[in-house]
Amino acid sequence: MARPDGETATPPRRGPDDAEIAELLRAGASAPSSHNSQPWRLRWHDDAVEVHGDPGRRLEAADPDGRELRIACGAAIANVRLTVRAQGRRAHAQLLPDRDDPWFYGRVRPGAPWPPAGWEVELARAVRRRHTDRHPFSDRPLPAALRNQLVRAAWRESCRLVIVDDRPLRRGLLALTAEAHHQQQSDPAFRAEWARWIGSGERAGDGLSPELARLAPRPDDAWRPRDFGGAAPQHERELDAEGPGEHEPTIAVVTSFDDGALAQVRAGLAMQQVLLTATARGLGASFVAPPLEVAAIRVRVRALLGGVLWPQVVLRLGWGRPVHPTPRRPVDG
Ligand SMILES: Cc1cc2nc3c(=O)[nH]c(=O)nc-3n(C[C@H](O)[C@H](O)[C@H](O)COP(=O)(O)O)c2cc1C
């Protein structure tokens, strides 16, 4: 349309309505977080979703440096960005720093109408379906094409997904997992923190309620060392016993080329796209946090992987089963 001054007027852009904004905030809050601590503050401000870290929710024993907190916030940003795209708008993402706010990790501003790509719609649909699956996986291997998709998902954020196939490497990582788990279990502060978040009847909307903790499977001596207090109900235990049993789940490490706060937020974006790709393809995933939570052992994991990349998240992947969702606290708005 021609204006009197000769310029061509662009059609007015309609920003997201209230329901769409609520959907964006819910998508951010669906991200995974260590102990389901949900260590973020999400708000709609200045026509954008902002993601801030919440220092009051940092896990002081498990995550003294806030690395996992930043990874969780990165995952929340990835969810918001994908959901903006699925709503049919450009997504302008800006990550830290913000000179005035050390806890600012990113904002996503919906822009002009722009149709999403098929993969963006697919991953956005997986946001609400993704749940951590701690059950034993079947030993059916992942097809090469799927492994490539997972690797490409991490590359989108300039991170490298290292799939640990090499036997000595797997043995080394497993030994470091056991050592880190043992150290954490010998630390009264870690155990007290765990008890505050996992299986505590006093929480609502975060952590894991006693009912959910009881649904978790028994730990094993391998990639699932943590005990959620869990007597999985009889029928689930029987299912586990009937299954082929887990011998060799796929183990993959999300790694970055740098290790500052920005690199960790980006690693969260990468991790989340790996997880959503897995969900979209019917794969289950859980986390193997101990070897990266103990700082001195994380250094050894890095050396094990060649000494160049920074390990950010160890994932266990395989063919699983539907699992129960965990709660989320209300979004800040
Ligand atoms: C950085 C990070 C580390 C995690 N570490 C573990 C872990 O070691 N063991 C585990 O069972 N779950 C772990 N989790 C999964 C959380 O417990 C889970 O995301 C949370 O309970 C929310 O549940 P959901 O993922 O099903 O939404 C981790 C998650 C993140 C983001």
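Look a little higher up for the structure.
Residues numbered from 1 in each chain as written. Predicted model: local features only at pLDDT ≥ 70, side-chain atom pairs only at ≥ 80, totals over all residues. Heavy atoms only, no water.

Visitor: Looking at this structure, I do not really get the overall build of the protein. What am I missing?
Guide: A count of helices and strands for the protein gives 11 helices and eight strands. A globule of 333 residues ought to have a C-alpha radius of gyration of about 20 Å, and the protein, at 20 Å, matches this closely. By its C-alpha atoms, the protein is 75 × 45 × 45 Å across when sized along the principal axes. Here the protein holds 47 positive side-chain charges and 43 negative ones, and the gap between their average locations is 3 Å. (Helix = DSSP H or I, 4+ residues; strand = E, 2+ residues; numbered from the N terminus. Rg over C-alpha atoms; globule rule 2.2 N^0.38 Å. Lys, Arg positive; Asp, Glu negative; His and termini not counted. Charge placed at Lys NZ, Arg CZ, Asp CG, Glu CD.)

Visitor: Mind showing me how you'd approach the sheet that holds strand E2 (residues 48-53) here?
Guide: By way of backbone hydrogen bonds, the strands of a sheet pair with one another, either parallel or antiparallel. Pairing is antiparallel across the open sheet formed by four strands, whose spatial order is E1-E2-E4-E3. Both outer strands of the open sheet, strand E1 (40-45) and strand E3 (89-95), are each paired with one neighbouring strand and no more. Averaged over all adjacent pairs, the angle separating strand axes in this sheet is 20 degrees, with direction ignored. Pairing analysis gives six bridges linking E3 to strand E4 (residues 104-113), with the strands arranged antiparallel. (Pairing = 2+ DSSP bridges. Axes fitted to C-alpha atoms, helices over the stretch in contact; angles between N-to-C directions.)

Visitor: Just checking my understanding: could you explain the nonpolar core for this structure?
Guide: Where a protein is soluble and globular, its nonpolar side chains tend to be buried together. Counting residues in hydrophobic clusters, the biggest one holds 48 residues, and the most contacted among them are Trp 40, Ile 77, Leu 150, Leu 161 and Val 254. If one sorts the elements of this core by residue count, helix H2 (residues 67-86) sits on top with 10 residues. Taken domain by domain, this core gets at least three of its residues from each of domain 1 (18-126) and domain 2 (144-319). Leu 176, Trp 223, Ile 297 and Val 301 belong to the second largest nonpolar core, which has 16 residues in total. (Core = buried A, V, L, I, M, F, W, Y, C linked by side-chain atoms within 4.5 Å. Buried < 20%, exposed > 50% of the residue type's maximum accessible area, 1.4 Å probe, protein only. Domains from an automatic or database assignment.)

Visitor: Please clarify how helix H5 (residues 167-185) should be interpreted in this entry.
Guide: Quick reminder: α-helices carry 3.6 residues per turn. Residues three or four places apart thus point the same way. Here H5 is 19 residues long and its end C-alpha atoms lie 27 Å apart, about the 27 Å a rise of 1.5 Å per residue gives. If you check the start of H5, you find a side-chain oxygen 3.1 Å away from the backbone N of Leu 169, and it comes from Asp 166. (Expected span 1.5 Å × (residues − 1). Polar contact = N/O pair within 3.5 Å; in protein donor to acceptor, adjacent residues only side chain to side chain.)

Visitor: Mind showing me how you'd approach the packing of helix H3 (residues 118-126) against helix H9 (residues 261-280) here?
Guide: It is the contact of H3 with H9, at a shortest axis distance of 8 Å, that shows an interaxial angle of 90 degrees. Taken together, the axes of H3 and H9 lie roughly perpendicular to each other. Contacts between H3 and H9 involve Trp 119, Glu 122, Leu 123 and Ala 126 on the former and, on the latter, Gln 273, Leu 276, Thr 277, Thr 279 and Ala 280. For the contact of H3 with H9, a count of residues per class yields five nonpolar, three polar and one charged. (Parallel < 35°, antiparallel > 145°, perpendicular 65-115°, else oblique. Contact = heavy atoms within 4.5 Å. Nonpolar A, V, L, I, M, F, W, Y, C, P; charged D, E, K, R; others polar.)

Visitor: Explain the sheet that holds strand E8 (residues 310-319) to me, please; I cannot follow it from the model alone.
Guide: With antiparallel pairing, the four strands of this open sheet are ordered in space as E5-E6-E8-E7. The open sheet has two free edges, formed respectively by strand E5 (160-163) and strand E7 (283-287), since each of these has just one partner strand. Shown here is a sheet whose adjacent strand axes are inclined to one another by a mean of 30 degrees, direction ignored. Examined bridge by bridge, strand E6 (residues 250-256) and E8 share seven bridges and lie antiparallel to one another. Bridging across to E8, Thr 250 finds its partner in Leu 317. Set on the sheet, H9 makes contact with E5, E6, E7 and E8; between it and E8 the angle comes to about 10 degrees.

Visitor: Help me understand unusual backbone geometry, please; the structure alone is not making it clear to me.
Guide: As a rule of thumb, non-glycine residues mostly have phi less than zero, and peptide bonds are mostly trans rather than cis. Residues Leu 96 and Pro 97 are joined by a peptide bond in cis, for which omega reads 10 degrees. One can find Pro 97 in the loop between E3 and E4. A positive phi angle is found at Asp 46, which is not glycine, with a value near 55 degrees. Summarising the element assignment, Asp 46 is placed in the loop between E1 and E2. At Ser 158, a position not held by glycine, the phi torsion is positive, near 60 degrees. Within the fold, Ser 158 resides in the loop between helix H4 (144-155) and E5. Accessibility expressed as a relative area gives 46% for Ser 158, which makes it partly exposed.

Visitor: Where do I start with the site of the ligand in this structure?
Guide: Near the ligand there are 18 residues, and of these Arg 130, Thr 132, Arg 134, Thr 326 and Arg 328 occur at the shortest range. Here Arg 130 contributes a side-chain N or O atom positioned 2.9 Å from an oxygen atom of the ligand. Calculation on the ligand without its partners gives an accessible area of 610 Å², and the protein chains cover 96% of this total. When grouped by side-chain class, the residues that make up the shell around the ligand number six nonpolar, seven polar and five charged. The two domains that each donate at least three residues to the shell around the ligand are domain 1 (18-126) and domain 2 (144-319). (Near = heavy atom within 4 Å. Areas by Shrake-Rupley, 256 points an atom, 1.4 Å probe, with all protein chains shown as cover.)

Visitor: Honestly, the environment of His 52 in this entry has me stumped. Any pointers?
Guide: Position of His 52 relative to the elements: it lies in strand E2. By relative accessible area, His 52 is classed as buried at 5%. For the pair His 52 and Gly 111, spaced 59 residues apart in the sequence, the C-alpha separation amounts to 21 Å. Reaching out from His 52, the side chain makes a polar contact with the side chain of Glu 50 at a distance of 2.8 Å.

Visitor: Would you mind showing me how to read the pairing of E7 here?
Guide: Put simply, side chains in a regular strand alternate between the two faces of the sheet. Burial runs high along E7: four of the five residues are buried. Here E7 runs beside E8; their pairing, made up of five bridges, is antiparallel. When the bridges of E8 are listed, Ala 285 appears paired with Leu 317.

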